[in-house]
Amino acid sequence: QVHLVESGGGLVQPGGSLRLSCIVSGRTISNSGAAWIRQAPGKERELVAANNWNGNYQIYADSVKGRFTISRVNARNTIFLEMKNLNSEDTAVYFCGLDADSHWASDDLSNYDYWGQGTQVTVSS
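First things first, this report covers the structure right here in the doc. (Residues numbered from 1 in each chain as written. Predicted model: local features only at pLDDT ≥ 70, side-chain atom pairs only at ≥ 80, totals over all residues. Heavy atoms only, no water.)

### Concerning the packing of aromatic side chains
Then step 1. Following the criterion strictly, the structure yields one aromatic pair and no others.
Then step 2. Aromatic side chains Tyr 112 and Trp 115 sit 5.8 Å apart centroid to centroid with 55° between the ring planes, which places their arrangement in the tilted category.
Then step 3. For Trp 115, a relative accessible area of 27% puts it in the partly exposed group.
Then step 4. Here Arg 19 stacks its cationic end above the ring of Phe 80, 4.0 Å away from the centre of that ring.
Then step 5. Looking at Arg 45, its charged tip hangs above the ring of Trp 115, at a distance of 5.8 Å from the centre. (Phe/Tyr/Trp six-rings, centres within 6.5 Å; stacked < 30°, edge-to-face > 60°. Buried < 20%, exposed > 50% of the residue type's maximum accessible area, 1.4 Å probe, protein only. Lys NZ or Arg CZ within 6 Å of the ring centre and 35° of its normal.)

Structure, rendered in structure tokens:
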């Protein structure tokens, strides 16, 4: 069975930083695209960032470009999301996802086969 477990969320002040981690078990991530998405109360899920199998290609939502960085360490089966200069609009539950069928990064959320349970990020003073 494939499991994704996110961690690193919490309460942070505007302008602050957080680093989210997603540890995957049950399959290797080294041949899969991966993504972080978020969902705020009353809003639809949105792609935050995605990367390809070796992390060399990334996709970012316009709202996070220049502030967020997606990365991975395949040897540790772990995907990261570094978030800087956070603001209230970034408050949401963040989920990581894995595409079992492709090496590539995708902005189509239906391509991702596995999802974690999410970690809450709250940006507030």
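### Considering the pattern of salt bridges
Then step 1. Tallying each qualifying case throughout the model produces six salt bridges.
Then step 2. With a closest N to O distance of 2.6 Å, Glu 46 and Arg 38 form a salt bridge.
Then step 3. Of the residues examined, Glu 46 reaches a relative accessible area of 32% and is grouped as partly exposed.
Then step 4. For Arg 38, a relative accessible area of 4% translates into the label buried.
Then step 5. Notably, a salt bridge pairs Lys 65 with Asp 62, separated by 3.1 Å at the nearest N-O pair.
Then step 6. Connected via shared salt-bridge partners are Arg 38, Glu 46, Arg 67 and Asp 90. (Salt bridge = Lys/Arg side-chain N within 4 Å of Asp/Glu carboxyl O.)

### Considering the state of the cysteines
Then step 1. Within the structure shown, the criterion is met by one disulfide.
Then step 2. Bridging Cys 22 to Cys 96, the disulfide has an S-S length of 1.9 Å. Given an S-S torsion of about 55°, the disulfide between Cys 22 and Cys 96 has right-handed geometry. Of this pair, Cys 22 sits in strand S3 (residues 18-25) while Cys 96 sits in strand S9 (residues 92-99), and the two are 74 residues apart along the sequence. The pair Cys 22 / Cys 96 is uniform in exposure class, with both members buried. (Disulfide = S-S within 2.5 Å. Helix = DSSP H or I, 4+ residues; strand = E, 2+ residues; numbered from the N terminus.)

### Here we look at the side chain of Arg 67
Then step 1. Looking at where Arg 67 falls in the secondary structure, it is placed in the loop between strand S6 (58-60) and strand S7 (68-73).
Then step 2. The class of Arg 67 is buried, set by a relative accessible area of 13%.
Then step 3. Not counting residues within four places of it along the chain, the set of residues in contact with Arg 67 comprises Glu 82, Met 83, Lys 84, Asn 85, Leu 86, Asn 87 and Asp 90. (Contact = heavy atoms within 4.5 Å.)

Read these as layout, nothing more, since geometry by itself doesn't imply function.
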